[in-house]
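Coordinate inspection notes
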Amino acid sequence: MGCAPSIHVSQSGVIYCRDSEESNSPHQTTTISQGTATLHGLFVKTDAADSIPSALAYRSRPPPSAVPRRREPGASARARARARARARAPRCCGVEAETQTGDASAKQASTTEVQIGPMRLTQDPIQVLLIFAKEDNQSDGFWWACDRAGYRCNIARTPESALECFLDKHQEIIVIDHRNSRYFDAQDICRSIRAAKPSEHSVILAVVPHISPDQEETSVLPLLNAGFDRQFMENSSITACYNELIQIEHGEVRSQFKLRACNAVFTALDHCKEAIEITSEDHVIQYVNPAFEQMMGYHKGELIGKELTELPKSDKNCPDLLDTINTFIKKGKEWQGFYYARRKSGDSIQQHVKITPVIGQGGKIRHFVSLKRLHCTNENNKQLYKSYGDQKYTGDSSQSETHSFKCKNRRKDSTDVKSVTSQSSDAPSLQARWYSSMARIHSMTIEAPITKVINIINAAQENSPITVAEALDRVLEILRTTELYSPQLGTKDEDPHTSDLVGGLMTDGLRRLSGNEYVFSKNMNLSHSHLSVPNTISDVPPCITQLLDNEESWDFNIFELEAVTNKRPLVYLGLKVFARFGVSEFLNCPEATLRAWLQVIEANYHSSNSYHNSTHAADVLHATAFFLRKERVKGSLDHLDEVAALIAATIHDVDHPGRTNSFLCNAGSDLAVLYNDTAVLESHHTALAFQLTSKDSKCNIFKNIDRNHYRTLRQAIIDMVLATEMTKHFEHVNKFVNSINKPMASEENSSHSEGSDCECTANIKNFPDNQTLIKRMMIKCADVANPCRPLELCIEWAVRISEEYFAQTDEEKRRGLPVVMPVFDRNTCSIPKSQISFIDYFITDMFDAWDAFAHLPVLMQHLANNYKHWKTLDELKCKSLRLPSENNN
């Protein structure tokens, strides 16, 4: 009873005294002395050891010989031996008492690989804090459970020492004894820990007393309100404690660990140069980064928590742009394009915006992430861009100079020298990423990589010597006449109608399915009707002659001609148009040969097709002839070009099967195999037309022309028909804008003389490649001019093309082929939506460019009216394709 106390002095100068005689007492106390301070208690912090951030003394474990071990039911002798081996390990190391891991548990204590999205994380061994006022079976159970799991464990006996230990260690799991309030208030301890910021990533477990079967279980809400995450019913079994801790580690702790990794992501966002905005599914702003604050002039405190609708809007956007964006993103589709935003100062700035929906809880969209980059098209943007760059790079004068903005308006282009001269290694990839799509543009700023090259050269010419400037002019001419204009179109996540149009018109489909072969019949010798074929143009019946008197008007009704000619409009319109343009004279062939040729070509159009029949060919011929009469077009082309354009329009869809290229490729048709899945139908149209022409002398319109003229004419015809293939749609439009529109606009701006327009067309004539671009653009516009026709004609064409697509979808389903345009299901399709998507995606920009060259006010007015008509039908959900007021009329 009177044994001398044992004394231990740690390396830090802390003196531990323990009376060995009292080692078995649960009320044992330890006297700790350091410097001049001597206090009694379990956990003491003194101010004598400056070198120790938080000098915490933890209750040492009693030696194994002094503690009678409890046996769990079913525990083997080997398990007890391992427990004794662990118990022999030292439990005190001066400033803290932790569980020590043996060989087996050391493996469990190794770091763990955790994956969160694309990030791979390494999780350190779990730390546990036990807060028990006194040692008992329950605290021992958790202690040895931590030892088994390989966790690092600390024990605290008072609220003060518990808080200090947590602030020092930031344990992931905290176990608080909530069974008896005599020693401390467990809920107060939990609240004090929760008041510390590190606790947001900790799991706090309340140990509650066991209840008898006849007692009603209490609500867990008071514990949750106090800050606890879970409750643990009193159970001193080491296995029960171990199972609880392991579940917490693999559940809440791992989730909290992943959340902590988000700090790295937010750090990256805060230092990102692009403006980033994150909103909820209801468009409530949740986060903006400093770049966004700088761009928009707001402080984040003014934005976070506000709905986007509360912020001022710019009036420079198209009226329906926001509706279009919302349609995309609410369906989980990414949208990118140009958008005008209003800064806090009231200025409007144009941004390149990319909005990505993020799927969250319940598989629903929970966030929208917007990446915004200034697009320099006006003085406000230039000034903002310059100040934006200067503020970001004030620490480096060379970078400030590099990222400053200069603008050159040589050819109505804006040149971002910031992106051009940046020395950062990721600049090219950023540019390619940000300007990869030109499909959804509203300002005719077409950004293919070659466009940027041309802009760089234009900027370099500004202060160059004459010889250098002339050399660069030559470089520009070469660049404008080579195949470098295809924009880098990424995956288009548009609305279903747009996606299906792209899939059906701009791709060659999926891989062919073995065993599926599509064969269409050839109407080589079709007899269309009893109507006699005229011998000469003067023999045309009066009813047809009367109709053809109006064929030079854009509002000419091709369907009336279809009706009176019994679906043979191409022969009659062709004879009239070809006579007006002197085609027989140019080809040196009799009118009878031309008439026979028109008959053969029309006979090889399929009248069973609802859209791709000879009426469509006649409509395209009419539009081509109309365009050829426009002054600037007429002044830019030669007679050979006019003849080639008229012939190309006539044959451009001959023997069309009423199915798309994608369908033919998927079906493994003979034509798809023959043409290697590339421009299948367009190649077939031209090849068959020349075969039909040459096989019979009676209809060979080329037999009397010079060989060189024939080769030139043939090449021009082939080039124009192939231009109607939609996979190169944006390449042709892009090239036309950069090589025709912009140079011509620049020349017009620099010259105000009366002869300036003549000089422009003369310059175009001097470059055959420019004439090729004009011919391609002309037939492309003629081929898809339906939305620019008068409303009644526009509606009829929409019905016909939809019916043809419906028939294709029906056949794809019937034969088990991939459905390339799923929205064109006759039971569910909205024709107004399909027309809106087609106009938005393909028509608007192309006709803006063509109108800028050819001056077509009537067409553009029809286009605007028709678009408004389709939008109104879509908004009203009308089943009819005509508004009630139109039906009444």
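All values derive from a computational prediction rather than experimental measurement.

1. Some thoughts on unusual backbone geometry
One non-glycine residue, Lys567, lies in the positive phi region at around 65°. Note that Lys567 resides in the loop between helix 19 (558–564) and helix 20 (569–580). Classification of Lys567 as partly exposed rests on a relative accessible area of 43%. At Asn588, a position not held by glycine, the phi torsion is positive, near 60°. Position of Asn588 relative to the elements: it lies in the loop between helix 21 (583–587) and helix 22 (591–603).

2. Observations concerning the packing of helix 32 (residues 768–783) against helix 34 (residues 831–854)
Look at helix 32 against helix 34: their axes get within 11 Å of each other, and the N-to-C directions meet at 125°. Looking at the two axes, helix 32 sits oblique to helix 34. When the axes of helix 32 and helix 34 are compared, the crossing they make is left-handed. Contacts from Ile774, Met777, Met778, Lys780 and Cys781 of helix 32 reach helix 34 at Met846, Phe847, Ala849, Trp850 and Phe853. Broken down by class, the residue content of the contact of helix 32 with helix 34 amounts to 9 nonpolar, no polar and 1 charged.

3. With respect to the sheet that holds strand 10 (residues 203–208)
Ordered by their spatial adjacency, 5 strands build an open sheet running 8-7-9-10-11, and the pairing between neighbours is parallel. Bordering the open sheet on either side are strand 8 (152–156) and strand 11 (230–233), each of which pairs with just one other strand. For this sheet, the mean inter-axis angle between neighbouring strands, taken without regard to orientation, is 20°. Both strand 7 (residues 127–131) and strand 9 (residues 173–177) contribute to a ladder of 4 bridges, which runs parallel. Residue Leu129 lies in a different strand from strand 9, and its bridge partner there is Ile174. Across the sheet, helix 7 (residues 238–270) touches strand 9, strand 10 and strand 11, and the angle it forms with strand 11 is around 170°.

4. What about the packing of aromatic side chains?
Inspection of every chain in the model, using the stated rule, returns 21 aromatic pairs. On the basis of an interplanar angle of 70° and a centroid distance of 6.2 Å, the ring pair of Phe626 and Phe627 is categorised as edge-to-face. This pair shows no difference in class: Phe626 is buried, exactly as Phe627 is. Cluster of aromatic residues (ring-pair linked, three or more members): Trp554, Phe626, Phe627, Phe736, Trp850 and Phe853. Cation over ring: Arg148 sits above Tyr242, and NZ or CZ is 5.2 Å from the ring centre.

5. What to know about the pattern of salt bridges
Per the counting criterion, the structure on display carries 28 salt bridges. Between Glu274 and Arg373 there is a salt bridge, and its shortest N-O distance comes to 3.3 Å. Within this pair, whereas Glu274 is found in the loop between helix 7 and strand 12 (275–280), its partner Arg373 is found in strand 16 (residues 365–374), the two being separated by 99 residues in sequence. The exposure class assigned to Arg373 is buried, which follows from its relative accessible area of 8%. Across the pair Arg800 and Glu796 runs a salt bridge, and its minimum N-O distance is 2.9 Å. Taken as a pair, Arg800 and Glu796 lie in helix 33 (residues 791–815) at a separation of 4 residues, close to a single helical turn.

6. Some words on helix 33
Between its terminal C-alpha atoms helix 33 stretches 36 Å, which fits the 36 Å expected from 25 residues at 1.5 Å a residue. Backbone geometry just after helix 33 places Gly816 at a positive phi near 75°.

7. Examining the confidence of the model for the chain
Chain-level statistics for the chain give a pLDDT mean of 77 and a share of 70% at 70 or above. Residue range residues 81–108 is modelled with pLDDT below 50. Its contacts to residues more than four positions away, or to other chains, number 55 contacts.

8. With respect to the side chain of Asp719
Structurally, Asp719 can be placed in helix 29 (residues 707–723). A distance of 2.8 Å separates the side chain of Asp719 from the side chain of Arg776, its partner in a polar contact. Setting aside residues no more than four positions away along its own chain, Asp719 makes contact with Thr772 and Arg776.

9. Some details on the sheet that holds strand 15 (residues 348–359)
Taken in spatial order, the 5 strands of this open sheet run 13-12-16-15-14, and their pairing is antiparallel. Strand pairing shows two members of the sheet lacking a second neighbour, strand 13 (285–288) and strand 14 (335–342), which therefore form its edges. Averaged over all pairs of adjacent strands, the angle between their axes in this sheet comes to 30°, without regard to strand direction. Running over the sheet, helix 10 (residues 321–329) touches strand 14, strand 15 and strand 16 and is turned about 140° from strand 14.

10. Side note on helix 32
The terminal C-alpha atoms of helix 32, which comprises 16 residues, lie 23 Å apart, in line with the 22 Å expected from a rise of 1.5 Å per residue. Burial within helix 32 is extensive, with 13 of its 16 residues counted as buried.

11. Some thoughts on the side chain of Glu172
With respect to the secondary-structure elements, Glu172 resides in the loop between helix 4 (159–169) and strand 9. A polar atom in the side chain of Glu172 sits 2.7 Å from the backbone nitrogen of Gln127. Sequence-distant contacts of Glu172, defined by excluding residues within four places in its chain, comprise Ile126, Gln127, His201, Ser202, Val203, Val253 and Arg260.

12. Examining the pairing of strand 13
With 3 bridges joining them, strand 12 and strand 13 adopt antiparallel strand pairing. Each bridged residue has a counterpart across the sheet, and for Thr279 the counterpart in strand 13 is Ile285. In this structure, the hairpin formed by strand 12 and strand 13 is closed by a connection of 4 residues, where His283 is found at a positive phi of approximately 65°.

13. Considerations on the nonpolar core
Judged by nonpolar contacts, the single largest core of 114 residues is most densely connected at Phe627 and Trp850. At 13 residues, helix 34 tops the list of elements feeding residues into this core. What Phe627 contacts, discounting residues up to four positions off in sequence, is Trp554, Val633, Met778, Cys781, Ala782, Trp850, Leu856 and Leu859. Formed by 25 residues, the second largest nonpolar core is a distinct cluster that contains Ala145, Cys146, Ala149 and Leu245.

14. As for a nonpolar patch on the surface
A cluster of nonpolar residues, Val220, Leu221 and Leu224, forms a patch on the protein surface that exposes about 240 Å² of accessible area. Among the structural elements, Val220 can be located in the loop between strand 10 and helix 6 (221–226). Accessibility expressed as a relative area gives 31% for Val220, which makes it partly exposed.

15. Structural notes on the pairing of strand 7
Most of strand 7 is tucked away, with 5 of its 5 residues classed as buried. Neither face of strand 7 is open: one carries Gln127, Leu129 and Ile131, the other Val128 and Leu130, and all of them are buried. By the bridge criterion, 5 bridges tie strand 7 to strand 8 in an arrangement that is parallel. Within strand 8, the position partnered with Gln127 by the bridge is Arg152. Remark: the strand 7/helix 3 (residues 137–149)/strand 8 crossover connection has right-handed handedness.

16. Here's the deal with the environment of Arg826
Within the fold, Arg826 resides in the loop between helix 33 and helix 34. A C-alpha to C-alpha distance of 8.5 Å links Arg826 and Thr809, two positions 17 residues apart in sequence. Apart from residues lying up to four places away in sequence, Arg826 is in contact with Glu803, Phe806, Ala807 and Asp810. A polar contact of 3.2 Å, which involves the side chain of Arg826, links it to the side chain of Glu803. A distance of 2.8 Å separates polar atoms of two side chains, one belonging to Arg826 and the other to Asp810.

Cut-offs and rules
Residues numbered from 1 in each chain as written. Predicted model: local features only at pLDDT ≥ 70, side-chain atom pairs only at ≥ 80, totals over all residues. Heavy atoms only, no water. Helix = DSSP H or I, 4+ residues; strand = E, 2+ residues; numbered from the N terminus. Buried < 20%, exposed > 50% of the residue type's maximum accessible area, 1.4 Å probe, protein only. Axes fitted to C-alpha atoms, helices over the stretch in contact; angles between N-to-C directions. Parallel < 35°, antiparallel > 145°, perpendicular 65-115°, else oblique. Left-handed = near helix turned anticlockwise from the far one by under 90°. Contact = heavy atoms within 4.5 Å. Nonpolar A, V, L, I, M, F, W, Y, C, P; charged D, E, K, R; others polar. Pairing = 2+ DSSP bridges. Phe/Tyr/Trp six-rings, centres within 6.5 Å; stacked < 30°, edge-to-face > 60°. Lys NZ or Arg CZ within 6 Å of the ring centre and 35° of its normal. Salt bridge = Lys/Arg side-chain N within 4 Å of Asp/Glu carboxyl O. Expected span 1.5 Å × (residues − 1). pLDDT = per-residue confidence, 0-100. Polar contact = N/O pair within 3.5 Å; in protein donor to acceptor, adjacent residues only side chain to side chain. Core = buried A, V, L, I, M, F, W, Y, C linked by side-chain atoms within 4.5 Å. Patch = residues over 30% accessible without salt bridge, like charges linked within 9 Å, V, L, I, M, F, W, Y side chains within 5 Å. Areas by Shrake-Rupley, 256 points an atom, 1.4 Å probe, with all protein chains shown as cover. Right-handed = clockwise from strand over helix to strand, strands pointing away.

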